[in-house]
Amino acid sequence: MPVGSEGKAPYIAERHIGLTQPNIHDLLYSPQEAIEAVRTGAIGFCLYADRPKHNTKGLVFLDRDEPDQWPDLGDTVRVVSGSGTGDHLTFSADGEIQNAKGKGELSGIGSVRGPNWFVVLPGSVHPSGGIYHMDENPGMADLSSDQLPRELQQGPLPASELPDGVVSGATSNLNPNASLQSGFSADDVTNDIGIPLEDVRQVSRWLDYLLSVVDPDEYESLSEADQATVRYLLIWRFEPTDIGRILRDCRDRRGRVDPEDHPHKLWRDGYVERTITNTGIPYQVDPDLGKALVEDAKERKGRRPSAGSKSLREVRDAFQNLGTELTTTEIAESSYVGWRGSKKDSVRKRVCRCIDIFDSAGYIEWEKDGRQNIYIENGLTDLRIPGDYEWCHRELQLIGEEVDSADMGIESERGKRSSGRTT
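Calculation rules
- Residues numbered from 1 in each chain as written.
- Predicted model: local features only at pLDDT ≥ 70, side-chain atom pairs only at ≥ 80, totals over all residues.
- Heavy atoms only, no water.
- Pairing = 2+ DSSP bridges.
- Helix = DSSP H or I, 4+ residues; strand = E, 2+ residues; numbered from the N terminus.
- Salt bridge = Lys/Arg side-chain N within 4 Å of Asp/Glu carboxyl O.
- Buried < 20%, exposed > 50% of the residue type's maximum accessible area, 1.4 Å probe, protein only.
- Phe/Tyr/Trp six-rings, centres within 6.5 Å; stacked < 30°, edge-to-face > 60°.
- Contact = heavy atoms within 4.5 Å.
- Expected span 1.5 Å × (residues − 1).

1. With respect to the sheet that holds strand E13 (residues 364–369)
The three strands lie next to each other as E12-E14-E13, forming an open sheet whose pairing is antiparallel. Edge positions in the open sheet fall to strand E12 (325–326) and E13, since each of these has one partner strand only.

This is the structure we're talking about:
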């Protein structure tokens, strides 16, 4: 199946064509046709697992973002991603193997791709410009479900098997079938530190996007987009019962997707409960930092915070590596702060905006030394900041692009694309 213009999702996803529609086979290429198309300039192709009409019956893929952290499941066909870091392993399924994302120690670093999931094929061009390529081909190994560790099987891990610090969506007070009251507004729902969703959406552009666009291009399925939304709501400290209501209010599919995309799925209590329960996060937003970011955004009359997550992380990293007492100049001129084509004064101003947010949250103190200020970290080096790897899992690259654009004061390409979508 050809990939779309972005290079990582099938053409049919970009055109909102259902995988089971009768004319879908008119879009399939034979291997030789695909090779010739790539030679003459096509972006690339992908392959759906375990679809007999695609001649892929019994195929299962392992999509590994961090190959060194995965268990050894035997030598088989291995394709290196165009990003240069992850890879895809292809197996012949010995029995039925279900789709699953890694949990526990394997959370956020890949997935098992069975029926109706796809991988991008060798010869295709990654959005970064890299080329997917065959690395090993000793023949296709067999794989059975009992060979997969528990972290790569469907269903949540019990709390006793989750790594220290990982929070599960499971909760004893989950009531996903709670009805939406007349006049309910998701934006009025507050999290456990008293911040309404409306304010959180001003701080988290990606959460705002997920709550605005039912079928975002960046996800392979509506269910995956639902789970990503749940992840961000949990990170921002919303209660599971409220999350169920928010999903139904903001991501209601009825009348907005094709019938084959299950428009009533969010109103099935079991689906909502499984989505929330199966979503794990490594930690929740720091209450003081969350409030500081919201207050900063409000001072800018409802726009985004004055400093993006990437800039905040850079300033924190400077304190982690250079010492606990620094000047603005020392931070700005360090190797930990990216200039991104800006001039020195612009970089200093960006550092100052970060310092103001950290100061408001209580993680920086300062004192006067002659004509300059000395900033002293007060717990900053241990602070986890929105945008860190654990927050994002597979969305890390997308969020990095968004933060860069926000820091430079320009609209992201994603924002331009989404502005014309059905919301």
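2. What to know about the pairing of E13
The side chains of a regular strand alternate between the sheet's two faces. With six bridges joining them, E13 and strand E14 (residues 372–377) adopt antiparallel strand pairing. Within E14, the position partnered with tryptophan 366 by the bridge is tyrosine 375. Count of turn residues in the E13/E14 antiparallel hairpin: two residues, of which glycine 370 carries a positive phi of about 70°.

3. Let's talk about the pattern of salt bridges
A complete count under the given rule lists 18 salt bridges for this structure. Of the charged contacts, one joins lysine 298 and aspartate 199 as a salt bridge, the two residues approaching to 3.2 Å between their closest N and O atoms. With lysine 298 in helix H8 (residues 287–299) and aspartate 199 in helix H3 (residues 197–203), the pair connects residues that are 99 residues apart, well separated along the chain. When its relative accessible area of 14% is taken as the criterion, aspartate 199 is described as buried. Through salt bridges that share partners, Arg64, Arg78, Asp87, Asp135 and Glu136 make up one connected network.

4. Notes on the packing of aromatic side chains
Counted under the stated rule, the structure contains four aromatic pairs. Relative to tyrosine 209, the ring of tryptophan 206 has its centre 4.9 Å away and its plane inclined at 45°; by these criteria the two rings are tilted. With tryptophan 206 and tyrosine 209 both in helix H4 (residues 205–212) and three residues apart, this pair spans about one turn of that helix. As far as the burial class goes, tryptophan 206 and tyrosine 209 line up, both buried. Taken together, the ring pairs in this structure connect Trp206, Tyr209 and Tyr219 into an aromatic cluster.

5. A word on the side chain of serine 144
Along the chain, serine 144 falls in the loop between strand E9 (141–143) and strand E10 (167–168). Once you skip the residues sitting within four places of it in the chain, serine 144 turns out to touch Asp94 and Ile97.

6. Some remarks on helix H9 (residues 309–322)
Here H9 spans 20 Å end to end across 14 residues, near enough to the 20 Å set by a 1.5 Å rise per residue. Considered for burial, the residues of H9 that qualify are Ser309, Ser311, Leu312, Arg313, Glu314, Val315, Arg316, Ala318 and Phe319. Following H9 by one or two positions, glycine 323 adopts a phi angle in the positive range, close to 135°.

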